[in-house]
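# Tertiary structure, described
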Amino acid sequence: MREAFIAVFGRPEGIMLFQLVEAAQFTVYLSLIAFLLGGSVAACITLLRILPNRWAPRVATGYIWAFQSAPLLMLLFLFGLGVPRLLGTDIDPWVAASVALMLYTSAYLADVWRGAVETIPPGQWEGARALGMRFLPTLRLVVLPQVVRVALAPTVGFMVQIIKGTSLAYIIGFHDIMAIGKRWANAPVEGTEPFVVYPIMALIYFALCFPLSRLALRLEARLGSVGGPPRAAVA
Amino acid sequence: MDLRFFEIYRNPEYLALLAEGAAMSAALTITAGLMGLALATLLATARFHAVPVLGHLAAAYVEFIRNTPLIVQLFFVAFGLPQLLGYSWPFWGHALLALTLNFSAYFSEILRAGFTTVAQGQYEAARALGLRPFTIFRKIVLPQSVQRMFPSLSSQFIFLFLTTGIIAEIGVRDLTQAGMFIDSRTFRSFEVFLTLTAIYVVMSLAFKTALALAHRRLFPAVAAR
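These lines cover the structure that appears in this document, whether it is placed above or below. Everything numeric here is computed off the predicted structure, so don't read it as measured data.

Reading the values: rules and limits
- Residues numbered from 1 in each chain as written.
- Chains lettered and ligands numbered in written order.
- Predicted model: local features only at pLDDT ≥ 70, side-chain atom pairs only at ≥ 80, totals over all residues.
- Heavy atoms only, no water.
- Helix = DSSP H or I, 4+ residues; strand = E, 2+ residues; numbered from the N terminus.
- Buried < 20%, exposed > 50% of the residue type's maximum accessible area, 1.4 Å probe, protein only.
- Contact = heavy atoms within 4.5 Å.
- Areas by Shrake-Rupley, 256 points an atom, 1.4 Å probe, with all protein chains shown as cover.
- Salt bridge = Lys/Arg side-chain N within 4 Å of Asp/Glu carboxyl O.
- Core = buried A, V, L, I, M, F, W, Y, C linked by side-chain atoms within 4.5 Å.

## Regarding the overall build of chain B
- When helices and strands are tallied, chain B shows ten helices and zero strands.
- Secondary structure elements of chain B, listed N to C terminal, follow the sequence α-α-α-α-α-α-α-α-α-α.
- Based on the C-alpha atoms only, the size of chain B along its principal axes is roughly 70 × 50 × 25 Å.
- Burial status across chain B gives 50% buried among its 225 residues.
- Counted over contacts in chain B with a minimum sequence separation of 6, partners at least 24 positions apart contribute 75%.
- Total accessible area computed for chain B in this model is approximately 10,800 Å², and 68% of it derives from carbon and sulfur atoms.

Okay, here's the thing in structure tokens:
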């Protein structure tokens, strides 16, 4: 692969391009980890939020508020620098970045999914209860199939925010497109000046994000979405 | 494991740094927000009226900004452009330009959605009254769009504010930079960044309150509803 890149683009551009594309896989892995972990936590938080209980919804609301209000950069600093110093141990950048992005993702997804659940008229809950269905069967058989429809588009749309969010992880030592690209941009090598490297990096991110944005738009057109314009936006 | 928040708040030098950083962050975000809104109005108009060439350019620009990370845009504006075009600005100038470009793309999408809420009949009525296109836009379309989209614009602004911390990476002495400096002096990373998080949260709450007040002042009729 590396040779093919060098053969086509020459040195040092070929080497740089190869390293950037190679590093893009870590961006993808980290995004997937953040999405899967964050999605699981978000499912639990959403469940807490709609539980017919006095305290559970408040805890969920507090969680969503706290991690939506905290800047992602601060979460990364807290788990990448703060917690290791506090505990006096090293934390792998993979772990720190995953935890920070998981918290960030879970808060936003839980908020989106809560909005989706609230599109279900209370009459359906009451109707199911009148038929003798308990909370969980109602959720699984009546509410979820309808919720998935409207939640799908904003969830896919949020994956774009996750991918863009991973670009901050280099600050705590994670090796991704940003880390490699920054090294090339700072190196005094002709052909890899900042005005060459950063547009190429932008194109790689664009190639990852744009298809997802388009998919989200098409899903929204076909299945509908939880109301309002896109709320979440992150660097 | 012991927490020593007092190492931060008992040191007047650190408190002053944090205050200056917060002021810098707020000033840059507000300026970039206003300039971004102005640029967004142009972008949204070009797209909404499908202006030949410009409309497509605006669409491509918005999609590109929205689908790439702010930090890459920031580094390109701060390190790439000056080298390419041979100019040198202070750090905050680069940050202001990058934030303005970034904000404008997000705002323009909201404004464009706002333009579509103005009923077709209003255009026809305005044209029947002999108003010029620019007057229609300025007096009829824009006020109603901004009015309807004010809540969305406000929350978008606050979300964008929370992303501005990375301008510290190009050397701007903002709130994050102040925190990084204090961290390098005290090695109390956890306490420092937790404090910083709290300051960001308080600042976004302050912005939220200020914007809600502005909404009530600018559009008394709607806010009362």
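We are not done yet, so read on.
## Describing the pattern of salt bridges
- On inspection of all chains with the given rule, the structure shows twelve salt bridges over all chains.
- Put simply, A:Glu118 and A:Arg49 hold a salt bridge, and the shortest N to O gap is 3.9 Å. You can see A:Glu118 sitting in the loop between helix H5 (93-117) and helix H6 (122-130) and its partner A:Arg49 sitting in helix H2 (residues 13-50), a full 69 residues away along the chain.
- As a salt-bridge pair, B:Glu109 and B:Arg47 come within 2.8 Å of each other at their nearest N and O atoms. On the criterion of sequence distance, the pair formed by B:Glu109 in helix H5 (residues 91-115) and B:Arg47 in helix H2 (residues 12-48) is long-range, its members being 62 residues apart.
- Salt bridges linked by common partners bring B:Asp2, B:Arg4, B:Glu7, B:Arg188 and B:Glu191 together as one network.

## Side note on the environment of A:Pro145
All names here are of chain A.
- As for its position among the elements, proline 145 is in helix H7 (residues 135-166).
- Using a relative accessible area of 47% as the deciding quantity, one classes proline 145 as partly exposed.
- Separated by 110 residues in the primary sequence, proline 145 and phenylalanine 35 place their C-alpha atoms 21 Å from one another.
- For proline 145, the residues in contact, after removing those within four places along its chain, are Leu139 and Arg140.

## Some thoughts on the nonpolar core
- If you look at the biggest cluster of nonpolar residues, it comprises 133 residues, and the most contacted ones within it are A:Met178, A:Met201, B:Ile71 and B:Val72.
- Listed in part, the six residues of the second largest apolar core include B:Leu43, B:Ala58, B:Ile65 and B:Ala105.

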